[in-house]
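Here's the letter readout for the chains.
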Amino acid sequence: MELNTSGIIGQSTTLAEVFKILGKVAPTDSTVLVTGESGTGKELLVRALHANSPRADSPFVPINCGAIPKELLESELFGHEKGAFTHAIRSRSGRFEMADGGTVFLDEIGEMDLSLQVKILRVLQEKEIERVGGNGCKKVDVRIVAATNRDLEAEVQAGNFREDLYYRLNVIPLHLPPLRERGGDVLLLARYFLEQYCRKKGRSVLALAADTQRVLLAYSWPGNVRELENFMERMSILVDGSIVTPDDLPAKILDQVGDISLLPEIEEAGQSETAVAQSVEIVQTPVAGTAADPGSFVWPDLAVMEAHGLNLKDFLDVMENRLIDEALGKAEGVKNQAAELLGIKRTTLIEKLKKRGQ
Ligand SMILES: Nc1ncnc2c1ncn2[C@@H]1O[C@H](COP(=O)(O)OP(=O)(O)OP(=O)(O)O)[C@@H](O)[C@H]1O
Ligand SMILES: [Mg+2]
């Protein structure tokens, strides 16, 4: 079965490892424990796991163990019989029963009470549940997937989490690395969210100035993908013009990264205008003729574009930028002359430079 990553964006090797395990474990019924800091995409990953499993057409039932008061969680999970407690006016099935045939997602399992942990262990081992106030067990066919942003091993040490349940849950551990360890994925995600929010707001898609990209790569993203997403939504509302410049970034981010001129250059091919320009240069040598021999120019073909992982727009942008830079160089920065060399109006050139943040 081909893995459908259900909208999980990322090309970093750390994430590729996660996808690899996901592809192996999705078709099975094994219990999976997803760990990772807040906002790293744990829920997205668990949904992908379900969507890629033979249970995909059966219910996916998430429950946030941290958000439901302790006293209610048990009846929420296992259901209750009429009269089981004061407000139990009628019998009610719990999430495990609702999920029959499908997947139960125990989110924030680290928040669960020790007393309830025993009962979860029983479901895992016996595949049966007992309603609160009930007398008798009922078989359920569910796959259990759990997630936490806590270090469960440390919680076990501290006596807050049952060791037996930890091992039973942790059959297949899936760890989502924090965003700051995913390299160029930051820019991939930033562009993806910018595009989404700009489109939603009916404005043309904002570009990221090279310095902005360097800042985004250097920032530590304590709130991970969620923080990046919210931040890009904010940019789509607040930024005038067509490019996000470092001036648009909040002090929180700028203060942390320090002097922008000291930040490393962007290295990922296809991720920055400079890097793209350099990578295309290599391939242009055999494809395009030199200045001395312009007649030998060969039109770049799809293979050239694909070899650099560029789409049409990025490829054309790179071409355009190179020609503009060459014209400006020849004209020693005099825009009138550069525009003439390019055969465009001076105002058009100025507009293009503005888009580049110049
Ligand atoms: N790789 C990704 N590609 C696209 N969107 C992502 C990715 N990772 C996370 N998101 C988005 O970021 C937001 C946070 O993700 P999610 O809720 O899955 O994180 P989480 O790890 O469960 O966080 P928490 O621990 O706070 O519950 C969601 O809107 C999700 O769609
Ligand atoms: Mg979550």
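Scroll up to find the structure this text is about.
Only a predicted model underlies this, so the values are computations on that prediction, with no experimental measurement involved. (Residues numbered from 1 in each chain as written. Chains lettered and ligands numbered in written order. Predicted model: local features only at pLDDT ≥ 70, side-chain atom pairs only at ≥ 80, totals over all residues. Heavy atoms only, no water.)

A. Region of interest: the packing of aromatic side chains. Scanning all chains against the criterion turns up six aromatic pairs. Relative to Phe96, the ring of Phe78 has its centre 5.4 Å away and its plane inclined at 15 degrees; by these criteria the two rings are stacked. On the criterion of sequence distance, the pair formed by Phe78 in helix 3 (residues 70-78) and Phe96 in helix 4 (residues 95-98) is long-range, its members being 18 residues apart. Note on accessibility: Phe78 and Phe96 belong to one class, buried. (Phe/Tyr/Trp six-rings, centres within 6.5 Å; stacked < 30°, edge-to-face > 60°. Helix = DSSP H or I, 4+ residues; strand = E, 2+ residues; numbered from the N terminus. Buried < 20%, exposed > 50% of the residue type's maximum accessible area, 1.4 Å probe, protein only.)

B. Seen up close, the nonpolar core. Counting 30 residues, the largest nonpolar core has Leu77, Phe96, Leu106, Ile109 and Ile120 as its most contacted members. Residue assignment for this core shows that the elements contributing at least two residues are strand 2 (60-64), helix 3, strand 5 (103-107), helix 5 (114-126), strand 8 (143-148), helix 6 (152-157) and helix 7 (163-169). Take this core: its biggest share by element is five residues, from helix 5. When residues no more than four places from it in sequence are discounted, the contact partners of Phe96 are Leu77, Phe78, Val104, Ile120, Val123, Ile129, Val140, Val142 and Ile144. (Core = buried A, V, L, I, M, F, W, Y, C linked by side-chain atoms within 4.5 Å. Contact = heavy atoms within 4.5 Å.)

C. Representation of the site of ligand 1 in the model. Lining the immediate environment of ligand 1, one finds 17 residues, of which Ile9, Ser38, Gly39, Lys42 and Arg226 sit closest. Here an oxygen atom of ligand 1 sits 2.8 Å away from a polar atom, N or O, in the side chain of Arg226. Within the complex, the protein chains bury 83% of what would otherwise be the 630 Å² of accessible surface of ligand 1. Viewed by domain, the shell around ligand 1 spans two of them, domain 1 (13-177) and domain 2 (180-262), each represented by three or more residues. (Near = heavy atom within 4 Å. Polar contact = N/O pair within 3.5 Å; in protein donor to acceptor, adjacent residues only side chain to side chain. Areas by Shrake-Rupley, 256 points an atom, 1.4 Å probe, with all protein chains shown as cover. Domains from an automatic or database assignment.)

D. Summary view of helix 14 (residues 312-330). Between its terminal C-alpha atoms helix 14 stretches 27 Å, which fits the 27 Å expected from 19 residues at 1.5 Å a residue. Along helix 14, the positions that sit buried rather than exposed are Phe315, Val318, Met319, Asn321, Ile324, Ala327 and Leu328. Among the residues trailing helix 14, Glu332 stands out with phi positive, at a value near 50 degrees. (Expected span 1.5 Å × (residues − 1).)

E. Local environment of the packing of helix 14 against helix 16 (residues 346-355). At a minimum axis separation of 12 Å, helix 14 and helix 16 run at an interaxial angle of 120 degrees. Looking at the two axes, helix 14 sits oblique to helix 16. Considering the relative orientation of helix 14 and helix 16, their crossing is left-handed. Residues Glu320, Ile324 and Leu328 of helix 14 lie in contact with helix 16, whose contacting residues are Leu349, Lys352 and Leu353. Of the residues that constitute the contact of helix 14 with helix 16, the class distribution is four nonpolar, no polar and two charged. (Axes fitted to C-alpha atoms, helices over the stretch in contact; angles between N-to-C directions. Parallel < 35°, antiparallel > 145°, perpendicular 65-115°, else oblique. Left-handed = near helix turned anticlockwise from the far one by under 90°. Nonpolar A, V, L, I, M, F, W, Y, C, P; charged D, E, K, R; others polar.)

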